[in-house]
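Breakdown of the fold
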Amino acid sequence: MNALAIRNIQKSFGALKVLNGIDLTLEEGGFLVLLGPSGCGKSTLLSIIAGLEDASAGSIEIGGREATGLHPRDRDIAMVFQSYALYPSMQVERNMGFGLEMRGAGVDERKEKVGAAADLLGIGALLERKPAQLSGGQRQRVAMGRAIVRKPRLFLLDEPLSNLDAKLRTKMRGEIKKLHQSLGASIVYVTHDQVEAMTLATKVAVMRGGTIEQIGAPMTIYREPDNLFVAGFIGAPPMNFVRGRIVEGGGFAPDGGGDRITMPAMEHRLEPGREIVLGVRPENLRPIPPGVSPEGLLRFNAVPDVIEPMGADTMVHFRVGQSELIARLDGQTEVSGSAPMELGCEASALHLFDATTEQRLRPA
Amino acid sequence: MGVGVDSGRRPFTGGRLGRAIGAMSETRSWPFLLIVPSLLVILLVVLYPTLHGISLSFREMRLTRPDLGTGFVGLRHYVDLWHDDIFWRSLANTFKWVTLAVSLELAMGMISALALNREGPLMRICTVLVLLPWFLPNVVAANMWALMLDARLGVVNELLVRMGLIDSYVAWFATPTSGLLAAVFIEAWHGYPFFTLLILAGLKAIPKDLYQAASVDGAGSYQAFRNITLPMLRMIVVTAVILRVISLANSPELLLILTGGGPGDSTQVISLYAFKTAYESFDFGYAGALSVVTLLLLMVFCVIYLRVSRVLEK
Ligand SMILES: Nc1ncnc2c1ncn2[C@@H]1O[C@H](COP(=O)(O)OP(=O)(O)OP(=O)(O)O)[C@@H](O)[C@H]1O
Ligand SMILES: [Mg+2]
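Read on for an overview of the structure.

1. Describing unusual backbone geometry
All names here are of chain A. A cis amide bond links A236 to the next residue, P237, at an omega of -10 degrees. In this structure, E159 is a non-glycine residue whose phi angle is positive, near 40 degrees. Locating E159 in the fold gives a position in the loop between β7 (154-158) and α5 (166-183). Located in the positive-phi region is E358, a residue other than glycine, with phi close to 65 degrees. Along the chain, the position of E358 falls in the segment after β20 (351-354).

So this is what it looks like as structure tokens:
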């Protein structure tokens, strides 16, 4: 059974179309991440799922039950807001138990459930405090606690980590993952941070301008991005792109001049003259020792512009035609500035996109 | 703090006076020197009149009896007050008047602010309309209503008779109860926009996501009001009530125009009594004592009120 099924959700604010027909499903116990740049409609979609906002068209099912038009209270959901939205006048204990209180649970039941959730999150010592007396990380935990106390069918989280500093964010990310595993809950999680999406999700929906560009398992999206936008959005540092055209004999000529690039033999049958975008992830590039000419590799002649040793990895910036590229090499690699080197990439790690449609080219 | 730390450069180099000021500005006393002018102004316009009023209450000053002089009489005015029936009745009336009027204003202010707390151009127009009474001076509002409530030609009587709510014209200010209630109604009509304005500002400052969280938690609108809106407005309401109580306890104009304290002494409040003592009996010493008592009572009220509202918060 699906924890969530959304069909053709559309939303306009006056003349502004914010969502143009969103379809997606989330299986029971799954972790769906809505990923996309600012303003693409992630929060709006989440509010519609929660029932805080009405869709202009489309339908929503939660836990196999028609939920379109239901009041938020009746959807069996819990929500964690970006600002946490803790009730300022209530102590942590009442904050966490407020949902139960509104549903008529008795004092004892509330105490027991809030206590259990607080133990799970390690905030048992904070129950007497008011939100103003908590640190950012503690507030975040209380907000999570308020959501899990009621054991809802579906959790909705809107950028829950974006108000935390980098270190705390990494820590809480781990905790959310653990929480998901231990509770077995179904979660919809909004973020514009692709690292959160990759690490947490069982399913990622990449959004742009009110539409879903691609939806699938994080590694599928990483390995086979459907288009240039998704390819550039997932991965850090982002995928390298080189625009150019196929030349006679199977080579690739980058726009703006520069050396031709030898292309490995591929299943793609690309006629000469076709304009394409070549995509290579920085981590898929590796140096080829001089004098060796292995088969089946895409090869770049690179003169390093900038070299950034980061310990485990070394980032090497170089140019091909007009494009700036980055290679993420092993930290042990000897790289010296200005000495030309050859970098190669396996045919299987190569991404080809049509230059005009920006769609992925699949083997015919 | 940069105060007193030698920055190593001269901010001012022109002339001997300039150098002297420049040197002084590097010392620790400079910031204190800078606030002296404003302190002097405050002393002059706030402290001096207050102290003068207090000293007046210990002296004789009757314009009708210049022969008595303006000598020091100690606590005599206060002893007289203690035995003055009108004072005690005024005190009770003040209490009734202020409590009724401020409660009604608070209720009307709260209801109108909640109704106006919506988006849209229509709401902005309504807000201005609701605020209109507040723009009228006390005296204008009082005279306007005095005319509308007039026992012989008032429009209110005419309307009520036509609607069949009363049989014949009523002299609203002729009996103690209806006189007080009519005055309270007029005061509330005139003063409630003060609460509307402050409460509306408070409402706008409450984050929307609190209501969203409450709605997901299953709270209805009454529960959201009780658990979110009211606590978030607490400081504003407490402040507004204090300001309004002080201003009501101190301004006699409205009652002076509407009832003149009557019928009998039924709407005689302390501020009105003090006003009449000073400007009808020309006994400034006794009026001073009445004012000092009002001041003390208001201070006591503020302290108790703040305490109580702090206890209620917990
Ligand atoms: N109440 C509203 N009225 C009009 N436009 C709105 C309203 N709410 C959102 N929008 C618009 O809808 C679009 C999507 O907003 P939304 O908040 O869903 O973006 P988002 O993807 O959550 O962005 P972010 O990552 O910055 O939070 C934006 O262009 C926004 O300006
Ligand atoms: Mg958002």
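2. Re the interface of chain B and chain A
Contacts between the two partners involve 16 residues from chain B and, on the opposite side, 23 residues from chain A. When the two sides are added together, the surface that chain B and chain A hide from each other amounts to roughly 1,600 Å², 59% of it contributed by carbon and sulfur. On the chain B side of the interface with chain A, the three residues burying the most area are V216, D217 and N227 of chain B, jointly 40% of the side's total. Applying the counting rule to chain B against chain A returns one salt bridge. For the salt bridge of R150 of chain A with D217 of chain B, the shortest nitrogen-to-oxygen distance reads 3.0 Å. The interface formed by chain B and chain A holds seven residue pairs in polar contact (both at pLDDT 80 or more) in total. Here the side of chain B that touches chain A is composed, by residue class, of eight nonpolar, five polar and three charged.

3. Some words on the site of ligand 1
Residues and elements named next belong to chain A. Around ligand 1 lies a shell formed by F13, V18, S38, G39, C40, G41, K42, S43, T44, E159 and H192. Interatomic distance of 3.2 Å between a backbone N/O atom of C40 and an oxygen atom of ligand 1. For ligand 1, an oxygen atom lies 2.6 Å from a polar atom in the side chain of S43. Burial of ligand 1 by the surrounding chains reaches 59%, relative to a free accessible area of 640 Å². Of all the elements, helix α1 (residues 42-50) adds the most residues to the shell around ligand 1, at three residues. Among the residues forming the shell around ligand 1, the class breakdown is three nonpolar, six polar and two charged.

4. Some details on the sheet that holds β7 of chain A
Residue and element names in this part refer to chain A. Taken together, the six strands give an open sheet; going across it, the order is β6-β7-β8-β3-β9-β10, and neighbouring strands pair in mixed fashion. Where the open sheet ends on each side, the last strands, each with one partner, are β6 (77-80) and β10 (211-216). Shown here is a sheet whose adjacent strand axes are inclined to one another by a mean of 15 degrees, direction ignored. Sheet topology note: the strand β3 (residues 31-35)/strand β8 (residues 186-191) ladder contains five bridges and is parallel. By the bridge assignment, L35 is partnered in β8 with T191. Set on the sheet, α1 makes contact with β3, β6, β7, β8 and β9 (203-208); between it and β7 the angle comes to about 150 degrees. Against the sheet, helix α4 (residues 136-148) engages β6 and β7, with an angle of about 175 degrees to β6.

5. A few points about the packing of aromatic side chains
In this structure the tally under the stated criterion is 16 aromatic pairs over all chains. Relative to Y189 of chain A, the ring of F31 of chain A has its centre 5.6 Å away and its plane inclined at 45 degrees; by these criteria the two rings are tilted. Note that F31 of chain A is positioned in strand β3 and Y189 of chain A in strand β8, a separation of 158 residues in sequence. Both residues of the pair, F31 of chain A and Y189 of chain A, belong to the buried class. Through a chain of ring-to-ring contacts, the aromatic side chains of W82, F87 and W88 of chain B assemble into a single cluster. Positioned above the aromatic ring of Y222 of chain A is the side chain of R281 of chain A, whose terminal nitrogen or guanidinium carbon lies 4.2 Å from the ring centre. One Lys or Arg, R244 of chain B, reaches over the ring of F194 of chain B and ends 5.8 Å from the middle of that ring.

Rules used throughout
Residues numbered from 1 in each chain as written. Chains lettered and ligands numbered in written order. Predicted model: local features only at pLDDT ≥ 70, side-chain atom pairs only at ≥ 80, totals over all residues. Heavy atoms only, no water. Helix = DSSP H or I, 4+ residues; strand = E, 2+ residues; numbered from the N terminus. Contact = heavy atoms within 4.5 Å. Buried area = accessible area lost by both parts, 1.4 Å probe. Salt bridge = Lys/Arg side-chain N within 4 Å of Asp/Glu carboxyl O. Polar contact = N/O pair within 3.5 Å; in protein donor to acceptor, adjacent residues only side chain to side chain. Nonpolar A, V, L, I, M, F, W, Y, C, P; charged D, E, K, R; others polar. Near = heavy atom within 4 Å. Areas by Shrake-Rupley, 256 points an atom, 1.4 Å probe, with all protein chains shown as cover. Pairing = 2+ DSSP bridges. Axes fitted to C-alpha atoms, helices over the stretch in contact; angles between N-to-C directions. Phe/Tyr/Trp six-rings, centres within 6.5 Å; stacked < 30°, edge-to-face > 60°. Buried < 20%, exposed > 50% of the residue type's maximum accessible area, 1.4 Å probe, protein only. Lys NZ or Arg CZ within 6 Å of the ring centre and 35° of its normal.

Note that every value here comes from positions in space, so none of it alone points to a role or purpose.
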